[in-house]
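Structural features, examined
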Amino acid sequence: MHYTCFSCGGQYPLTDRRFRCDCGGFLTVESSEFFTPEALSERDFSIWRYREAFGLPEEAEPVSLGEGRTPLVRREIAGQDVAFKLDYLQPSGSFKDRGASVLMTLVKFIGVERIVEDSSGNAGAAMAAYAAAAGIGCTIFSPDYTPDGKLVQIRLYGAQVEKVPGTRQDTNDAAIRAAATAFYASHLWNPFFGQGLATAAYEIWEQMGGRVPPAVLVPVGSGGYLEGLAIGFRALVRAGYAAALPRLIGVQAHNCAPLHLAWERGLADYAAIEPQPTVAEGIAVQRPPRAAAVLAAVRGSGGRTVGVSEEEILDATKALFGLGLFAEPTSASVLAGWRKLPPAERDGAVMILTGSGLKQTKRLGELFA
Ligand SMILES: *Cc1c(COP(=O)(O)O)cnc(C)c1O
Ligand SMILES: [Zn+2]
């Protein structure tokens, strides 16, 4: 098992403490094995029921907090059947636990003692939680303008927080510099994070009785989750467990939409943009490193991207609260995006609700006062 560069095809062993190729390209991994449906009935209710698909060495001991197996809730909206995947019901409160569990398992297996990561949001919280579970040191770099409230969860898990003056890019550069002495376990760069995210596809397939829906909507920041879903659904088709891929529909806020613009313009990589603030802060990623793979995944599934306004996001957030679904505004962008699809494309869609509103009740109280 090894890493393969998406750009030049260069290969590296999994024991290498690198986060990208020498050429600057991002890395991918593939598993030569897959689970069988028969084996699943005897397995534990976590993402680890699918472990053959991860491409991890067999001896690697899972770092798990019971992540995954989130509910799929069916509802009728405007006369259409849809389903919500409540992926905010995870140990640290977002879907990122799927990725953190698999990536931290690799980190522990190769003997890393301290990781660095740059995220003040849900990815930072997930990595800090799984570092705590693994007994591995964790330093999270965040821009110094990050409100302290957002760092509480990360700190309480025991991670060290380093505030970096300047832009988000300066924070990213600081994490990469720190990678000289610690492992940069990046949710944006490391492909094992995506292997973990792919488990949502396997779950949806199982929860729908061995079928896949016509469309899956997911909020897109870096696009890592969309890429992970594509990996999962492709593997199901390759194994003969599903007939075709669902259309993968990525939703971005107009205020920060480098991938949506790239899709509209037919670009192979992200579009250059000047980002504006958005209530969907979890998808405000100006330069998504794996953009080429994300756009290829959207196109390869016959899917599309959708751009949504701040008002449409807030409206959708409120509508979810009205259904008893307490997701954060970033997550609600999928419902805003679904509402903008041509009616014929709405029926049967699965919308993934990615993060919990419980992390920001104070802010939500102000937004919807
Ligand atoms: C990180 C995050 C996203 C975006 O995921 P990407 O993999 O970066 O596209 C969406 N919603 C929530 C709640 C998140 O935390
Ligand atoms: Zn390369």
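Residues numbered from 1 in each chain as written. Chains lettered and ligands numbered in written order. Predicted model: local features only at pLDDT ≥ 70, side-chain atom pairs only at ≥ 80, totals over all residues. Heavy atoms only, no water.

Here we look at the coordination of the zinc ion (ligand 2)
Rule in force here: Donor atoms (N, O, S) are those found within 2.8 Å of the metal centre, with the cutoff raised to 3.2 Å for Na, K and Ca; water is not part of the atom list, so apparent gaps in a site can occur. Irregular is the default label, applied whenever a site is not tetrahedral (four donors, all angles between 85 and 135 degrees) and neither square planar nor octahedral (four or six donors, opposite donors over 155 degrees apart, all other angles between 65 and 115). Strands here are runs of E lasting at least two residues and helices are runs of H or I lasting at least four, both read from the DSSP assignment and numbered beginning at the N terminus.
Those protein atoms acting as donors to the zinc ion (ligand 2) are Cys-5 (SG), Cys-8 (SG), Cys-21 (SG) and Cys-23 (SG), and they sit at 2.3 Å. Given 4 donor atoms and angles of 106 to 117° at the metal, the environment of the zinc ion (ligand 2) is assigned as tetrahedral. Taken in sequence order, the residues that donate to the zinc ion (ligand 2) follow the motif C-x2-C-x12-C-x1-C. Here Cys-5, found in strand 1 (residues 2–5), pairs with Cys-23, found in the loop between strand 2 (11–13) and strand 3 (27–28); they are 18 residues apart in sequence, far enough to count as distant.

Some details on the site of ligand 1
The test is simple: A single heavy atom is enough: if one lies within 4 Å of a molecule or strand, its residue is considered near that molecule or strand. For the purposes of these results, a polar contact is taken to be a pair of N or O atoms within 3.5 Å, where, inside protein, one atom must be able to donate a hydrogen and its partner to accept one; residues adjacent in sequence count only when each atom of the pair is a side-chain atom. Accessibility throughout is a Shrake-Rupley quantity obtained with a 1.4 Å probe, and a residue counts as covered only by protein chains that appear here. Gly is put with the polar residues, along with every residue not named as nonpolar or charged; the nonpolar set is Ala, Val, Leu, Ile, Met, Phe, Trp, Tyr, Cys and Pro, and the charged set is Asp, Glu, Lys and Arg.
Residues in close proximity to ligand 1 total 16 residues, the closest being Lys-96, Asn-122, Ser-222, Gly-223 and Thr-354. Contacts to ligand 1 include Gly-221, whose backbone N or O atom sits 2.8 Å from an oxygen atom. Here ligand 1, which alone exposes 380 Å², has 95% of that area covered by the protein. Taken together, the residues of the shell around ligand 1 break down into 5 nonpolar, 9 polar and 2 charged.

What to know about the sheet that holds strand 3
The condition that has to hold: Strand pairing requires that DSSP identify at least two bridges connecting the strands.
Reading across from one edge, 2-1-3 is the order of the 3 strands in this open sheet, with antiparallel pairing throughout. Every other strand in the sheet has two partners, leaving strand 2 and strand 3 as the edge strands with one partner each. Note: strand 1 against strand 3, 2 bridges, orientation antiparallel. Its bridge partner lying in strand 3, Thr-4 is registered against Thr-28.

Comments concerning the domain arrangement of the chain
Which entries qualify depends on this criterion: Start and end points for every domain follow an automatic or database-based domain assignment. Any two residues having at least one pair of non-hydrogen atoms within 4.5 Å are treated as being in contact. Buried area counts how much accessible surface, traced with a 1.4 Å probe, disappears from two parts once they are put together, with both parts' losses summed. By convention in these notes, a salt bridge is any Lys or Arg side-chain nitrogen within 4 Å of a carboxyl oxygen on Asp or Glu.
Each assigned domain of the chain is listed here: domain 1 (1–30), domain 2 (72–95 + 192–368) and domain 3 (96–189). The gap between the C-alpha centroids of domain 2 and domain 3 is 23 Å. Residue-level contacts link 24 residues of domain 2 with 21 residues of domain 3. Between domain 2 and domain 3, the buried area comes to about 1,900 Å², and carbon and sulfur atoms account for 53% of it. Considering only the side of domain 2, the residues that lose the most area to domain 3 are Ser-92, Phe-192 and Phe-193, jointly responsible for 35% of the buried surface there. Where domain 2 meets domain 3, there are 2 salt bridges. Here Arg-98 makes a salt bridge to Asp-87, at a shortest N to O gap of 2.6 Å. Where domain 2 touches domain 3, the interface holds 14 residue pairs in polar contact (both at pLDDT 80 or more). A class-by-class count of the residues in the side of domain 2 that touches domain 3 yields 8 nonpolar, 8 polar and 8 charged.

Some words on the environment of Ala-180
Going by this rule: Only protein chains enter the calculation, and the probe is 1.4 Å; a residue is then buried if its accessible area is under 20% of its type maximum, exposed if over 50%, and partly exposed in between.
Note that Ala-180 resides in the loop between helix 5 (168–178) and strand 9 (183–184). Under the relative-accessibility criterion, Ala-180 is labelled exposed at 69%. For the pair formed by Ala-180 and Gln-207, sequence separation is 27 residues and the distance between their alpha carbons is 43 Å.

Description of the layout of surface pockets
Rules: Cavities and pockets are found on a 1 Å grid laid over the protein atoms alone: a cavity is a set of points where a 1.4 Å probe fits but cannot escape, a pocket is an open set with protein on both sides within 12 Å along at least five of seven lines, and a lining residue has an atom within 4 Å of such a point. Grid points are joined across faces, edges and corners, and a volume is the space filled by probe spheres set on the points.
There is about 520 Å³ of room inside the second largest pocket. Around the second largest pocket, the lining is made up of 29 residues, and of these Val-29, Glu-30, Gln-195, Ile-231 and Arg-234 lie nearest the centre. Residue assignment for the lining of the second largest pocket shows that the elements contributing at least two residues are helix 6 (191–197), helix 8 (224–238) and helix 10 (291–300). In terms of residue count, the dominant contributor to the lining of the second largest pocket is helix 8 (6 residues).

Some details on the sheet that holds strand 4 (residues 72–77)
Test applied: Every axis in this analysis is a line fitted to C-alpha atoms, fitted for helices over the stretch in contact. Angles between the N-to-C directions lie between 0 and 180 degrees.
A sheet is described by the order of its strands in space; here 6 strands give the open sequence 4-5-13-10-11-12, paired in mixed fashion. Looking at which strands have only one partner, the edges of the open sheet turn out to be strand 4 and strand 12 (304–308). Averaged over neighbouring strand pairs, the angle between their axes works out to 25° when direction is ignored. Pairing geometry for strand 11 (residues 247–253) and strand 12, over 5 bridges, is parallel. Looking at strand 12, one finds that Gly-250 is bridged to Thr-305.

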